Amino acid sequence: MNLSFDAADLAFRDEVREFFRDGIPENWRLRVQAGLRLDPAELIEYQRRLHARGWAAPTWPKEYGGTGWTPTQQYIFWSEASEAGAPPQFHQGLELIGPIIFTYGNAAQKERYLPGILTCDDWWCQGYSEPGAGSDLAALRTRAVRDGDDYVVNGQKMWTSYAHVASHVFLLARTSLEEKRQQGISLILAPMDTPGFRVAKIPTMDEKYHTNELFLDDARIPTANLVGEEGKGWGYGKVLLDRERMVTASTAIFLKQTVWAVREAARARRVGTRALIDTPDFAAQLAQFEIEVIALQTMVLRLITDAAGGVDSGPRGSMVKLRWSSLYQRGMLLWLEALGPEMAHFCAEDDATLPPDMPAVMQGMLYSRVTSIYGGSSEIQHNIVARRALGL
Ligand SMILES: Cc1cc2nc3c(=O)[nH]c(=O)nc-3n(C[C@H](O)[C@H](O)[C@H](O)COP(=O)(O)OP(=O)(O)OC[C@H]3O[C@@H](n4cnc5c(N)ncnc54)[C@H](O)[C@@H]3O)c2cc1C
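All values derive from a computational prediction rather than experimental measurement.

Each value, and the rule that gives it
Per-chain numbering applies: the sequence of each chain, read as written, is numbered from 1 onward. Reporting in this predicted model follows two pLDDT cut-offs: at least 70 for local features of residues, and 80 or more for side-chain atom pairs to be given and counted; totals over whole chains, interfaces and linings ignore these cut-offs and use all residues. The side-chain figures draw on all heavy atoms in the structure; neither hydrogens nor water molecules are used. Three labels apply to residues, based on accessible area from a 1.4 Å probe with only protein chains included: buried if under 20% of the type maximum, exposed if over 50%, partly exposed otherwise in between. Each helix is a run of H or I in the DSSP string that is no shorter than four residues. Each strand is a run of E no shorter than two, and both are numbered from the N terminus. Think of the arc as the fan of directions from the helix axis to the C-beta atoms. We call two residues contacting when some pair of their heavy atoms lies within 4.5 Å. The span you would expect from a helix comes to 1.5 Å times its residue count less one. A cutoff of 4 Å decides nearness: a residue is near a molecule or strand if any of its heavy atoms lies inside that distance of it. Pairing of N or O atoms within 3.5 Å defines a polar contact, subject to two protein rules: one partner must be a possible hydrogen donor and the other a possible acceptor, and residues neighboring in sequence count only if both atoms are side-chain atoms. For the area figures, the Shrake-Rupley method with a 1.4 Å probe applies, and any residue is considered shielded solely by the protein chains shown. Gly is put with the polar residues, along with every residue not named as nonpolar or charged; the nonpolar set is Ala, Val, Leu, Ile, Met, Phe, Trp, Tyr, Cys and Pro, and the charged set is Asp, Glu, Lys and Arg. Whenever a carboxyl oxygen of Asp or Glu lies within 4 Å of a side-chain nitrogen of Lys or Arg, that contact is scored as a salt bridge. Lines fitted to C-alpha atoms define the axes, with helix axes restricted to the stretch in contact, and inter-axis angles between N-to-C directions lie between 0 and 180 degrees. Reported orientations rely on four angle classes, namely roughly parallel under 35 degrees, roughly antiparallel over 145, roughly perpendicular from 65 to 115, and oblique for the rest. Should the near helix be turned anticlockwise from the far one by less than a right angle, the crossing is termed left-handed; should it be turned clockwise, right-handed. Throughout this description, the term nonpolar core refers to a set of buried Ala, Val, Leu, Ile, Met, Phe, Trp, Tyr and Cys residues connected via side-chain atoms within 4.5 Å. We call Phe, Tyr and Trp rings a pair once their centres come within 6.5 Å, taking the six-membered ring for Trp, and we label the pair stacked below 30 degrees between planes, edge-to-face above 60, and tilted otherwise. A pair of strands is labelled paired if DSSP reports no fewer than 2 bridges between them.

**What to know about helix H2 (residues 26-33)**
Listed in full, the buried residues belonging to H2 are Trp-28, Arg-29, Arg-31 and Val-32. An end-on view of H2 places all buried positions within 165 degrees of arc, on one side of the element. Buried residues belonging to H2 abut helix H1 (7-23), helix H3 (40-52) and helix H8 (256-268). At the exit of H2 stands Gly-35, carrying a positive phi of roughly 80 degrees.

Now the structure itself:
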């Protein structure tokens, strides 16, 4: 792996740097620095700004409206976004269903759905998990029964993030009952205003509204919305789950923002006569955190290179997901420690229902707990590493 940039890469870096210097409003930066995801309306606006610049889809091929960037360019783009205090792009349309549609979808589906993902005119949510079918996704029970030109869908999805703002959902549903549980599952696209869909909020401990239950009662979805072949959804789903872990590679590049935030807070905090950052114990903890973040960035570079070369990145994606989520959670705790009593001066800005004295970083820290659950829990990632990387 060659880690040095050539002249063209450096020119590209300057171009990206200039975009992010002017392209991100200050109030976004503050929220991102607090470890919070921007609100959907802001993420849509962010996506539109990138689209206007021709950078809507850093990982997509050019023929579908992507940038066609090399792995080095992708790395530079995410690094510069991170340096500038910009957020990661929202991934469910862009990195999950978009690539599945351009890989397995038919011409009509590509034409209908890909442009809306690039511009964020369509917001997609992921209807995979169910009660009793999270880690063990093959246990899913939602049924889609053919009736003329429609599927009639019944079941319940769980933890459907942003279903309350999404215009579309991609669903896994059982279209036949084979003995092998992975068979007979199909991938189906549906608008969220389909009659028979009902969304119910799930409160989470960070008191932001992210996620939902999705009930499907006799919902009629045209069979034209089936992606690829009926019954082959499990195969597409596995590709998609691999890709979800890949997404954490780009997100991991944003961990540097936590390092800087902790450092800034520790510089500002006085402990007796000196700054917290000058106390040996805290300095050692921060140094260790930063070293591990730098090591993770190197793993990310290898992951991006693998992906570009078409190499199966399964175990490496799991390694990055594991390290990223645990480092992120540790970084958020370190940040709270660095703020000490000062954290009480932070005000939550984004949710009227939030207790007014709840600090934004505290909210970010509580949100960080989910990173070792969603996209496949840490225990499952350990299993994947054990099986696919260590051959256990
Ligand atoms: C906030 C949030 C947002 C989410 N967003 C979405 C979304 O948008 N769309 C979507 O489809 N899903 C979403 N998920 C679901 C997420 O992917 C699942 O929660 C996750 O896969 C775990 O499944 P589960 O919750 O059913 O837990 P379970 O699978 O019941 O697991 C419970 C515990 O047992 C452990 N465990 C299970 N099986 C094994 C095993 N074989 N070996 C060792 N340990 C095991 C797990 O690691 C976990 O600790 C979201 C979840 C959360 C919390």
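**So, helix H4 (residues 71-83)**
The first and last C-alpha atoms of H4 sit 18 Å apart over 13 residues, in line with the 18 Å expected at 1.5 Å per residue. Inspection of H4 places Gln-73, Gln-74, Tyr-75, Ile-76, Phe-77, Trp-78, Ser-79, Glu-80, Ala-81 and Ser-82 among the buried residues, and these make up the whole buried set. Looking at the residues trailing H4, positive phi occurs at Gly-85, about 75 degrees.

**Here's the deal with the site of the ligand**
The environment of the ligand is formed by 17 residues, the closest being Ser-135, Trp-159, Ser-161, Ser-377 and Glu-379. One nitrogen or oxygen atom from the main chain of Tyr-128 is found 3.1 Å from an oxygen atom belonging to the ligand. Ser-129 is positioned such that a nitrogen or oxygen atom in its side chain is 2.7 Å from a nitrogen atom of the ligand. Considering the ligand on its own, with 960 Å² of exposed area, one finds that the protein chains cover 65% of that surface. A total of three residues in the shell around the ligand trace back to one element, the largest contributor, which is helix H12 (residues 378-389). Residue composition of the shell around the ligand, grouped by class: five nonpolar, 11 polar and one charged.

**Thoughts on the pattern of salt bridges**
Pairs can form between side chains of opposite charge whenever their charged atoms are close. Tallied over the full model, the rule gives 17 salt bridges. For Lys-208, the salt bridge goes to Asp-39, with nearest N and O atoms at 3.7 Å. Residue Lys-208 is located in the loop between strand S6 (197-202) and strand S7 (211-222), and its partner Asp-39 is located in the loop between H2 and H3; the two are separated by 169 residues in the primary sequence. On the basis of relative accessibility, which here comes to 9%, the residue Lys-208 falls in the buried class. Among the charged side chains, a network of salt bridges with common partners joins Asp-147, Asp-150 and Arg-220.

**Some words on the packing of H1 against H4**
The relative placement of two packed helices comes down to the angle between their axes together with the axis-to-axis distance. Contact geometry for H1 and H4: axes closest at 9 Å, N-to-C directions at 30 degrees. Between H1 and H4, the interaxial angle falls into the category roughly parallel. Our pair here, H1 against H4, has a crossing hand that is right-handed. Mapping the contact onto sequence places Asp-9, Phe-12, Arg-13, Val-16, Arg-17 and Phe-20 in H1 and Thr-72, Gln-73, Ile-76, Phe-77, Glu-80 and Ala-81 in H4. Here the residues of the contact of H1 with H4 sort into six nonpolar, two polar and four charged.

**Observations concerning the nonpolar core**
Ranked by size, the top nonpolar core spans 77 residues in total, and within it Phe-20 and Phe-197 carry the most contacts. In contact with Phe-197, not counting residues within four places along its chain, are Val-169, Leu-171, Ala-190, Pro-191, Met-192, Leu-214, Phe-215, Leu-216, Ala-219 and Ile-221. If you look at the next biggest cluster of nonpolar residues, it comprises 30 residues, including Leu-96, Ala-138, Leu-189 and Val-247.

**Describing the packing of aromatic side chains**
Scanning the entire structure with this criterion turns up 19 aromatic pairs. Taken together, a centroid distance of 5.2 Å and an interplanar angle of 70 degrees make the contact between Phe-19 and Trp-55 edge-to-face. With Phe-19 in helix H1 and Trp-55 in the loop between H3 and H4, this residue pair connects regions lying 36 residues apart in the sequence. For Phe-19, a relative accessible area of 14% puts it in the buried group. By the ring-pair criterion, three or more aromatic residues cluster together here, those being Phe-12, Phe-19, Phe-20, Trp-55, Trp-69 and Phe-77.

**Digging into unusual backbone geometry**
The backbone of Cys-120 sits at a positive phi, close to 65 degrees, despite the residue not being glycine. Its place among the elements puts Cys-120 in the loop between helix H6 (107-119) and strand S1 (124-127).

**Thoughts on the pairing of strand S4 (residues 168-174)**
Taken across its seven residues, S4 has seven buried, putting it largely inside the fold. Every second residue of S4 is oriented toward a common face, with His-168, Phe-170, Leu-172 and Arg-174 on one face and Val-169, Leu-171 and Ala-173 on the other, all of them buried. Examined bridge by bridge, S4 and strand S5 (residues 185-191) share seven bridges and lie antiparallel to one another. When the bridges of S5 are listed, His-168 appears paired with Pro-191.

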